[in-house]
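# Notes for the structure review
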Amino acid sequence: KPAAAPRIEQRNGVPFIAPLDGDHGGSWIAVNQFGLSLGLLYRFDDSSGGIIRDYKSRGLLLHELIDCSTLKMVTERIDDAKCSRFRPFTLVALVTGQPAMVLEWTGSETITKSHAENLMPITSSSLQEGNVVLERKGQFQEMTLERSKVDDDLLFQFHRSHLPERGPASVCMHRPDARTVSMSTVTVTQKAIEFVYHPNSPCQPATADRLQLERTTIVS
């Protein structure tokens, strides 16, 4: 089903912004009042060892974690037992001023990677023919070399890109059976958080939804 536009909700008293998956009510991207941003991608190169079980939607895990205030809290809440309820996924956790964190659930073990900037951009594809992930990472590296820096404009152009051609390998993906259907932009400053949601392929026009939260700074 189509996703619902982002809204401001609360979990355990913590406000957050997230769009909602139309089928199961979870989400693939969210940001909370502390400026903690989470993004979830499916993993297609791992399996669950042939075990057949009634898995929960992976987007529900993101909602279970979105009341965390720090990256440390995210890692403390995740273990193999919790992850075994879900099919394989990659979770990206970001807080401004701190190294990026990537958590991978392979279906059999949880792997946490701190200082994960060198892994960016994180991408996935269900297409088995060709290495779509390497193609997209190569595109990003070429764009970065051309501009000598990563900024908002580069990221915007990357997500709208049809390189090497409009099709399954382009970041703005178009296949006979699937396409990129939205683009989310999260901006976190010292005082505020903004979530902009483009409810269409990034290359197509749409009226964006724009939501804001006041940021709560954690005093350590």
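Conventions adopted
- Residues numbered from 1 in each chain as written.
- Predicted model: local features only at pLDDT ≥ 70, side-chain atom pairs only at ≥ 80, totals over all residues.
- Heavy atoms only, no water.
- Pairing = 2+ DSSP bridges.
- Helix = DSSP H or I, 4+ residues; strand = E, 2+ residues; numbered from the N terminus.
- Core = buried A, V, L, I, M, F, W, Y, C linked by side-chain atoms within 4.5 Å.
- Buried < 20%, exposed > 50% of the residue type's maximum accessible area, 1.4 Å probe, protein only.
- Contact = heavy atoms within 4.5 Å.
- Axes fitted to C-alpha atoms, helices over the stretch in contact; angles between N-to-C directions.
- Phe/Tyr/Trp six-rings, centres within 6.5 Å; stacked < 30°, edge-to-face > 60°.
- Lys NZ or Arg CZ within 6 Å of the ring centre and 35° of its normal.
- Salt bridge = Lys/Arg side-chain N within 4 Å of Asp/Glu carboxyl O.

## Thoughts on the pairing of strand 1 (residues 4-11)
Bridging between strand 1 and strand 2 (residues 14-20) involves six bridges; their strand directions are antiparallel. Its bridge partner lying in strand 2, Ala4 is registered against Leu20. Counting the residues in the hairpin turn of strand 1 and strand 2 gives two residues, including Asn12, whose phi is positive at 50°.

## Looking at the nonpolar core
Formed by 23 residues in total, the largest nonpolar core has its most connected members in Leu36, Leu38, Leu65, Val74, Ile78, Phe89 and Leu91. Looking at this core, the elements that each hand over two or more residues are strand 2, strand 4 (37-42), helix 1 (59-65), helix 2 (71-77), strand 5 (89-94) and strand 6 (101-105). In terms of nonpolar packing, the next biggest core, distinct from the first, is built from eight residues, Ile29, Val31, Phe195 and Leu213 among them.

## Some thoughts on the side chain of Ser201
Locating Ser201 in the fold gives a position in the loop between strand 9 (192-198) and strand 10 (209-214). Those residues in contact with Ser201, other than ones at most four positions away along the chain, are Cys172, His174, Arg179, Thr180 and Val181.

## A closer look at the sheet that holds strand 1
What the seven strands build is an open sheet, ordered 1-2-3-4-5-6-7; its pairing is antiparallel. In the strand order of this sheet, the two ends are held by strand 1 and strand 7 (110-113), each with one partner. In this sheet, adjacent strand axes meet at a mean angle of 15° when their direction is disregarded. Bridge analysis of strand 3 (residues 29-32) against strand 4 gives three bridges, and the strand direction is antiparallel. The partner of Ala30 across the bridge, within strand 4, is Leu38.

## Digging into the packing of aromatic side chains
Enumeration over the complete set of coordinates arrives at three aromatic pairs. Ring centres 6.4 Å apart and planes at 85° place the aromatic pair Phe86 and Phe89 in the edge-to-face group. Looking at Phe86, the relative accessible area reads 0%, which means it is buried. Between Phe140 and Phe158, the aromatic rings sit 5.0 Å apart at their centres with planes inclined by 70°, giving edge-to-face as the arrangement. On the criterion of sequence distance, the pair formed by Phe140 in helix 4 (residues 132-147) and Phe158 in helix 5 (residues 152-159) is long-range, its members being 18 residues apart. Each member of the pair, Phe140 together with Phe158, is buried. Of note, Arg58 hangs over the ring of Tyr42, and the distance from its end group to the ring centre comes to 3.6 Å.

## Digging into the pattern of salt bridges
Enumeration over the complete set of coordinates arrives at 11 salt bridges. Arg147 is the partner of Asp153 in a salt bridge, and the nearest nitrogen-oxygen pair spans 2.5 Å. Each of Lys56, Glu64, Lys82 and Arg85 takes part in one network of salt bridges that share partners.

## Observations concerning the sheet that holds strand 10
Read from one edge to the other, the open sheet built from three strands follows the order 8-9-10, with strand pairing classed as antiparallel. Among the strands making up the open sheet, the edge pair consists of strand 8 (183-188) and strand 10. Going across the sheet, the axis of each strand differs from the next one's by a mean of 15°, ignoring polarity. For strand 9 and strand 10, the ladder comprises six bridges, and the chain directions are antiparallel. By the bridge assignment, Val196 is partnered in strand 10 with Arg210.

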